[in-house]
Amino acid sequence: MASKNSKSKIIKITSCRNLKLCITLLFVIIFASCQSTPGIPDLFMEDANFAPLDTGASVYIFADVNKARSIIELLPVEELQNAQTRQMLDRTSHFAAAMFPGQSGKRFQLAASGNYPSSRAGMALTMDRNWKEHRVDKNSYWHSGADRLSIAMSSRQAFVMAMLDDTPREPFFSAPGMEIPEGFNDFRRDAPMSCWLENSGSVLNGILSQAGLPLRFPVVQFFINLFPAEEDGKEGCIAVLRFQLENAAQARGMAALLALAGNFASNDPIASIFLANAPVQNGQNLDIKTAMLGEEDILRLFAILLN
C-alpha cells in the first residue's frame, strides 16, 4: 500500500481538484431525479458505433461498473469510501466519460445508465439556491455556477458536464455523439473498463521519452483494457494495451524495438509498466500485457492518461 505522502500525490495527480465536484454530483444523482432528458440509444452495447459524448476530448472511457468495481475501489482516495459514492456506484450499471483539454473550456463529460430513484424528483436541486433550471428545446437541465456543473437525469440515465468557468452549458451530447474508433469495440469486449486516447502517438512517445528511450512511432490508435487481478494475496489490476500501427510491417518493427527497449528500461518505473512483457503482434496491432499494477502503478498509469 502507498504511504500517506504517496496517497497525497496520487490524489493530486488523478485530478482530485474535480473530487469535490464529483462527490456533489454523486449526492445529487442519488437523491434527485429531474425532468426530461434526450433518450440514449443502447450506446453502451459493445457494437455501438457512437459514444454518448461530445467530440474533442483527449480520453474516452467506458466502464461496466459491476465488473470494474474492484478496480475503482483500488484508487487510494478516501472519498471513494463515502457512503453516497458507494450508493451511486450501486445504482449505476454503465458509464461513458470524456476528459477534455483545458482550451476547450470543458473539464469532463459523463453519461451514465442505471436505476436512480425518482420519488424525490427535483427536490434536492429545487431547494438548493446554487442550482438553476435551464431548458433547451424540450429538454431541461440544472446548472450550478458555484460548482461549475450542469446535470440532467431521469430514473434511468444521467448526463453531466463539468466546466472550467461558471457559464451554463447543456450536458447533453451532440447527436450522433463521438464516433468510436474502428477496432475499439472488438478490443474492449468483456473488459470491465476500457479507454481510447485521441493523442495516441504523443502519449506513447512521451512515455518512451520519460523512460530515456528517444523512440518515435506512428501510432494510429491507442486502446487500454483494465482487468481485476490478485497476486500474493494483494489486489490490483492488469492492463492490456493495444497500439494500432499503419501496417503490419510497422507493427513488427515496433515489436522488435520495444522488446529490445525492455531489456534496458526495466528499472524505470514508467517503462516497467509498459514493457514488463514482450509485445505480441496481431496484424497491424501490437498488444502489451502489463504485470499486475498496484496502487502506485495505477497512479503512474492514470497520470499518463490524464496528463
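It should be noted that the structure appears before, not after, this text.
These remarks concern the structure in this document. Please read all numbers here as calculations on a predicted model, not as lab measurements. (Residues numbered from 1 in each chain as written. Predicted model: local features only at pLDDT ≥ 70, side-chain atom pairs only at ≥ 80, totals over all residues. Heavy atoms only, no water.)

### Re the overall build of the protein chain
Then, number 1: Broken down by element type, the protein chain carries ten helices and 14 strands.
Then, number 2: Taking all 307 residues of the protein chain together, the buried fraction comes to 52%.
Then, number 3: Restricting the contact set of the protein chain to residue pairs at least 6 apart, pairs at least 24 apart contribute 69%.
Then, number 4: When the accessible area of the protein chain is evaluated, it comes to approximately 14,600 Å², of which 49% is carbon and sulfur surface. (Helix = DSSP H or I, 4+ residues; strand = E, 2+ residues; numbered from the N terminus. Buried < 20%, exposed > 50% of the residue type's maximum accessible area, 1.4 Å probe, protein only. Contact = heavy atoms within 4.5 Å. Areas by Shrake-Rupley, 256 points an atom, 1.4 Å probe, with all protein chains shown as cover.)

### Some words on the environment of E170
Then, number 1: Mapped onto the secondary structure, E170 falls in the loop between β8 (157–163) and β9 (178–179).
Then, number 2: Residue classification places E170 among the partly exposed residues on the basis of a relative accessible area of 35%.
Then, number 3: In this structure, the C-alpha to C-alpha distance between E170 and I151, residues 19 residues apart in sequence, is 7.8 Å.
Then, number 4: Ignoring sequence-local partners within four residues, the contact set of E170 consists of V136, Y141 and M161.

### Topic: the packing of aromatic side chains
Then, number 1: This model, assessed by the stated rule, comprises ten aromatic pairs.
Then, number 2: When the ring of Y141 is compared with that of F172, the centres are 6.3 Å apart and the planes differ by 90°; the resulting orientation is edge-to-face. Highlighted residues: Y141 in strand β6 (residues 139–144) and F172 in the loop between β8 and β9, separated in sequence by 31 residues. Here Y141 matches F172 in class, with each residue buried.
Then, number 3: The ring of F62 has R188 sitting right over it, with the charged end atom 4.4 Å from the ring centre. (Phe/Tyr/Trp six-rings, centres within 6.5 Å; stacked < 30°, edge-to-face > 60°. Lys NZ or Arg CZ within 6 Å of the ring centre and 35° of its normal.)

### Topic: the sheet that holds β6
Then, number 1: The strand order across the open sheet formed by twelve strands is β5-β6-β7-β8-β4-β3-β2-β10-β11-β12-β14-β13, and the pairing between neighbours is antiparallel. Looking at strand neighbours, the two that pair on one side only are β5 (131–136) and β13 (280–282), the edges of this open sheet. On average, each strand axis in the sheet is tilted by 20° relative to the strand beside it, whichever way the strands run.
Then, number 2: Judged from the three bridges that link them, β13 and strand β14 (residues 285–289) form a sheet pairing that is antiparallel. Across the sheet, the residue bridging to N282 is N285, located in β14.
Then, number 3: Sheet strands touched by helix α10 (residues 295–305): β2 (59–64), β10 (193–197), β11 (221–231) and β12 (234–244). Its angle to β11, the strand with the most contacts, is close to 165°. (Pairing = 2+ DSSP bridges. Axes fitted to C-alpha atoms, helices over the stretch in contact; angles between N-to-C directions.)

### Here we look at helix α3 (residues 65–74)
Then, number 1: When we look at burial in α3, the residues that qualify are V65, A68, R69, I71, I72 and L74.
Then, number 2: One side-chain oxygen of the residue at the start of α3 lies 3.2 Å from the amide nitrogen of N66, identifying that residue as D64. (Polar contact = N/O pair within 3.5 Å; in protein donor to acceptor, adjacent residues only side chain to side chain.)

### Comments concerning the pattern of salt bridges
Then, number 1: One pass over the full model with this rule turns up five salt bridges.
Then, number 2: The salt bridge partner of D90 is R69, with a shortest N-O separation of 2.8 Å. Within this pair, whereas D90 is found in helix α4 (residues 83–91), its partner R69 is found in helix α3, the two being separated by 21 residues in sequence.
Then, number 3: For R69, a relative accessible area of 17% translates into the label buried.
Then, number 4: As a salt-bridge pair, E133 and R135 come within 3.6 Å of each other at their nearest N and O atoms. (Salt bridge = Lys/Arg side-chain N within 4 Å of Asp/Glu carboxyl O.)

### Focus: empty space enclosed by the protein
Then, number 1: The full count for this structure, using the stated rule, is four cavities of 30 Å³ or more.
Then, number 2: Taken as a whole, the second largest cavity spans an internal volume of roughly 70 Å³.
Then, number 3: I61, M193, S194, C195, I224, L226, L301, F302 and L305 are the residues that line the second largest cavity.
Then, number 4: Elements with a contribution of two residues or more to the lining of the second largest cavity: β10, β11 and α10. (1 Å grid on protein atoms, 1.4 Å probe; cavity = no way out; pocket = protein on both sides within 12 Å on 5 of 7 lines; lining within 4 Å. Points joined across faces, edges and corners; volume = space filled by probe spheres on them.)

### Section: unusual backbone geometry
Phi is mostly negative for residues that are not glycine, and the peptide bonds are mostly trans.
Then, number 1: Cis geometry marks the peptide bond from A175 to P176, where omega comes out at 5°.
Then, number 2: You will see that R148, though not glycine, has its phi angle at about 55°, which is positive.
Then, number 3: The backbone of D190 shows a phi angle near 70°, a positive value even though the residue is not glycine.
Then, number 4: Structurally, the position occupied by D190 is in the loop between α6 (184–188) and β10.

### A short note on the nonpolar core
Then, number 1: I224, L226 and F243 are the most contacted members of the largest nonpolar core, which totals 55 residues.
Then, number 2: The contact partners of L226, leaving out residues within four places of it in the chain, are I71, P192, M193, C237, I238, A239, L301 and F302.
Then, number 3: Counting residues in hydrophobic clusters, the runner-up holds 22 residues, among them A57, F62, I180 and F184. (Core = buried A, V, L, I, M, F, W, Y, C linked by side-chain atoms within 4.5 Å.)

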